[in-house]
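Observations on the model geometry
For reference, the chains in residue letters:
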Amino acid sequence: MDRFNVVISRFNFKKAVAIYLLILILAGVFSAGFLAYMFRDKLTFLYEYHRISEKVEDNKNGLENMKPELADLADASPDMVDILILNGQNQILYSAKHSDLSQKGTVDLTPDTDRNPLFFTDRQNPEVHFRLMKGDKLTLSASMLGIENKVKQEYEDRYFYESGFAAQKVYLLSYIADRTDGQKVYIISDVQPVAGGEFYIKAVAAIAMLFFMLYWVLLALWVYARALGAKLNASMWGIVTLFTNLAGLFVFLLYRQGGRTCYKCGSLQNKSNVYCTFCGTKLGSVCNKCNTAAGEKDRYCKNCGSVLDEEKDQDE
């Protein structure tokens, strides 16, 4: 324990914190950049989707002039199956990728309200089902990243007993509605997992947890070192901070504010102490008449009113 105390008392916490913050920033920038690169197609799609959604809402000239941007959105991600523009009668006016879903000229969806209102079936293609992803909730979720099969598992749990179950196809469906003329845009995707995507996210999460643990332990060690230098119960303060973190730090700082520090040995003393109880160094002055402790800036005794620097004035 003595060797540990010697190491802690000599440890340069300022340099350690500077190095920690530098590595933390570099690791954060690298991790964010790496994930952004690995999931770039997903991020591009989400950005373009929300941008076009806002543009459609503000568009007063119909969806005809939006075709080039919808085509770009369809090419933004390999997960994209098709983007369709439909009129008020659900007739297909435009198909960005001319997929099989557009060949029959209409998309007439019927909800499966008895089982799950978020699942729809196309009457023209009864083997094709759609899981609605509401536009306001179309975010960077696990389903969008393709790191879990939540949508397909949800479908299988509800339809596994039907004949021809294995031949059924489930797509993600989001829509943008133009309320001026009843037209709407169907954005149909089949989310494919990014190779190693789940591992990358878990690895970054593990690195973040490691840095958090380092911060937690480093703070407890700093409090331990300060308590050790102040001749307090360093083990107690270190353990308290280790379990309570910032709350323990706050209590420790308040406790230190309630005393005075010996300028020679660094121990924490009561404010009323005239001499250090560890090294005997004089910490302040006392009244020559009543021996009451006085503050550094006091000129008169708070107990008897005598002049504290009387002897000095007489010498002068």
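These lines cover the structure that appears in this document, whether it is placed above or below. Residue numbers restart at each chain and count upward from 1, following the sequence in its written direction. Whole-chain, interface and lining totals are the exception, using all residues; otherwise, since this is a predicted model, local features are given only for residues with pLDDT of at least 70 and side-chain atom pairs are given and counted only at 80 or more. Here the side-chain values reflect all heavy atoms present in the structure, with hydrogen atoms and water set aside.

Another aspect to go through is the pattern of salt bridges. Salt bridge, as applied in this entry: a Lys or Arg side-chain nitrogen positioned within 4 Å of an Asp or Glu carboxyl oxygen. Taken as a whole, this structure holds four salt bridges when the rule is applied. Each of the salt bridges in this network shares a partner with another, and the network as a whole consists of E48, R51 and E69.

We now examine the nonpolar core. The set of buried Ala, Val, Leu, Ile, Met, Phe, Trp, Tyr and Cys residues whose side-chain atoms join them within 4.5 Å is what this entry labels a nonpolar core. Classification of residues uses two cut-offs on accessible area relative to the type maximum, computed with a 1.4 Å probe and protein chains only: under 20% is buried, over 50% is exposed, and between them is partly exposed. Ranked by size, the top nonpolar core spans 17 residues in total, and within it I52, L70, I83, I176, V185 and I187 carry the most contacts. Listing elements by their share of this core, those giving two or more residues are α3 (40-58), α4 (67-74), β1 (80-86) and β7 (184-189). Strands are runs of DSSP state E lasting at least two residues, helices are runs of H or I lasting at least four, and both sets are numbered from the N terminus onward. Sorting elements by how many residues they give to this core places α3 first, with five residues. Note on contacts: a residue pair is in contact if any heavy atoms of the two residues lie within 4.5 Å. Here L70 is in contact with I52, I83, I85, Y94, A96 and V185, once residues within four sequence places are set aside.

Now for the side chain of T281. By the secondary structure assignment, T281 is in the loop between β9 (268-270) and β10 (285-286). Sequence-distant contacts of T281, defined by excluding residues within four places in its chain, comprise C262, Y263, K264, V274, Y275 and C276.

Right, let's talk about the packing of helix α1 (residues 2-10) against helix α7 (residues 197-229) for a bit. The geometry of α1 relative to α7 is characterised by a closest axis approach of 9 Å and an angle of 100 degrees between their N-to-C directions. Relative to α7, α1 is oriented roughly perpendicular. In this structure, α1 uses F4, N5, I8 and S9 to contact α7, whose residues at the interface are L221, Y224, A225 and L228. Class assignment of the residues belonging to the contact of α1 with α7 gives a composition of six nonpolar, two polar and no charged. Each axis is a line fitted through C-alpha atoms, and for a helix only the stretch in contact is used; angles between axes span 0 to 180 degrees, taken between their N-to-C directions. Note on angle classes: values under 35 degrees are labelled roughly parallel, values over 145 roughly antiparallel, values of 65 to 115 roughly perpendicular, and the remainder oblique. Here the term charged refers only to Asp, Glu, Lys and Arg, the term nonpolar to Ala, Val, Leu, Ile, Met, Phe, Trp, Tyr, Cys and Pro, and the term polar to all other amino acids, Gly among them.

Take helix α9 (residues 246-257) next. Multiplying one less than the number of residues by 1.5 Å gives the expected span of a helix. Here α9 is twelve residues long and its end C-alpha atoms lie 17 Å apart, about the 16 Å a rise of 1.5 Å per residue gives. The set of residues buried in α9 consists of G248, L249 and F252. Here the buried residues of α9 occupy an arc of 100 degrees about the axis, which is enough to place them on one side. Projecting away from the buried face of α9 at angles above 90 degrees are the exposed residues L246, F250 and Q257. Where α9 is buried, its residues touch α7 and α8 (234-244). The directions considered for the arc are those from the helix axis to the C-beta atoms.

Another aspect to go through is unusual backbone geometry. The phi dihedral of K231 falls on the positive side, at around 60 degrees, and the residue is not glycine. Along the chain, K231 turns up in the loop between α7 and α8. A positive phi is found at N245, a non-glycine position, where the angle reads about 60 degrees.

Moving on: the packing of aromatic side chains. Geometry of an aromatic ring pair is reported as the spacing of the ring centres plus the angle between the planes. Each Phe, Tyr or Trp ring, with Trp reduced to its six-membered ring, pairs with another whose centre is within 6.5 Å; inter-plane angles below 30 degrees give stacked pairs, above 60 give edge-to-face pairs, and intermediate values give tilted ones. Across all of its chains, the model carries eleven aromatic pairs by this definition. On the basis of an interplanar angle of 35 degrees and a centroid distance of 6.1 Å, the ring pair of F130 and Y171 is categorised as tilted. Of the two residues, F130 sits in strand β5 (residues 128-132) while Y171 sits in strand β6 (residues 169-177), which places them 41 residues apart along the sequence. For the ring pair W237 and Y255, a centre distance of 5.6 Å and an interplane angle of 45 degrees mean the geometry is tilted. One end of the pair, W237, is in helix α8; the other, Y255, is in helix α9, and 18 residues separate them in sequence. Accessibility expressed as a relative area gives 8% for W237, which makes it buried. An aromatic cluster is present here, built from F30, F34, F199 and Y200 joined pairwise through their rings. A cation sits over an aromatic face here: R40 above Y37, 4.2 Å from the ring centre. Counted as over-ring charges are cases with an Arg CZ or a Lys NZ within 6 Å of the ring centre that also lie within 35 degrees of the ring normal.

Geometric values such as these leave the question of function open.
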